[in-house]
Amino acid sequence: MLYPDIERVLLTRQQIQERVAVLGEEISADYRGKELLAIGVLKGSVVFLADLLRVLTVPVELDFIAVSSYGSSSTSSGVVRFLKDLDKSVTGREVLLVEDIVDTGLTLKCIAEHLLSQGPAGFKVCALLDKPSRRKVPVKIDYLGFSVPDRFLVGYGLDYAGRYRNLPDICVLQREVYEGGK
Ligand code: IMP
């Protein structure tokens, strides 16, 4: 196999780049004449965000928020803890929250409530990946890259226990890695 611990490549770097380009066009068209505040959710969204930023044609400011939801396991605890808040307030800003993957929806719901309580002028969500079969709370994703099956994915920013973020493709992790066999 190409990478150790990987069962297969789910989305190649080329498929990802093509989709990111389309998302960039859609977002740029929707925000024409406005100035965006893109907020990345650390750390999983950084690779996606870095690529998305470079295909946007509207003025963009950047900020980050960090939460912990998974620790180093592969199942959601349902508890979202804020590790880093924004540098500046989002009041009156056109906010685009950029997420790597929406799973149960608990993390997104919690961050959305936090940001909406500050009264942004607009609030939209862009997620690279969605696992709809795992949803526990309803959330709205305005711009979605790909809908994916219920498997643990790594690469292109996504990690398992802090590893694999650097893989350029989005890959299915071997079950033994996260089910304790390895
Ligand atoms: P949720 O709160 O259950 O929606 O979880 C969202 C967060 O869990 C994401 O931002 C990721 O950090 C993490 N996550 C969920 N599924 C995966 C996956 O397949 N690979 C890597 N991280 C994941």
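A brief report on the enclosed structure follows.

Conventions we followed
- Residues numbered from 1 in each chain as written.
- Predicted model: local features only at pLDDT ≥ 70, side-chain atom pairs only at ≥ 80, totals over all residues.
- Heavy atoms only, no water.
- Axes fitted to C-alpha atoms, helices over the stretch in contact; angles between N-to-C directions.
- Helix = DSSP H or I, 4+ residues; strand = E, 2+ residues; numbered from the N terminus.
- Parallel < 35°, antiparallel > 145°, perpendicular 65-115°, else oblique.
- Left-handed = near helix turned anticlockwise from the far one by under 90°.
- Contact = heavy atoms within 4.5 Å.
- Nonpolar A, V, L, I, M, F, W, Y, C, P; charged D, E, K, R; others polar.
- Pairing = 2+ DSSP bridges.

### Re the packing of helix 1 (residues 13-30) against helix 2 (residues 46-53)
At step 1: Where helix 1 contacts helix 2, the two axes come as close as 9 Å, and the packing angle between them is 60 degrees. What the angle tells us is that helix 1 and helix 2 run oblique. Once helix 1 is placed against helix 2, the crossing between them reads as right-handed. Of the residues in helix 2, those touching helix 1 at Gln17, Val20, Leu23, Gly24 and Ile27 are Phe48, Asp51 and Leu52.
At step 2: Residues belonging to the contact of helix 1 with helix 2 are distributed by class as follows: five nonpolar, two polar and one charged.

### Digging into the sheet that holds strand 7 (residues 143-147)
At step 1: As summarised here, the arrangement of the six strands in space is 4-3-2-5-6-7, forming an open sheet in which the pairing is mixed. Both outer strands of the open sheet, strand 4 (81-84) and strand 7, are each paired with one neighbouring strand and no more. Put simply, the sheet's adjacent strands are angled 25 degrees from each other on average, direction ignored.
At step 2: Pairing geometry for strand 6 (residues 122-130) and strand 7, over four bridges, is parallel. Across the sheet, residue Ala127 finds its bridge partner in strand 7, namely Leu144.
At step 3: Set on the sheet, helix 3 (residues 106-116) makes contact with strand 2 (36-42), strand 3 (60-68), strand 4, strand 5 (94-102) and strand 6; between it and strand 5 the angle comes to about 170 degrees.

Everything listed is a geometric property; what it means functionally is a separate question.
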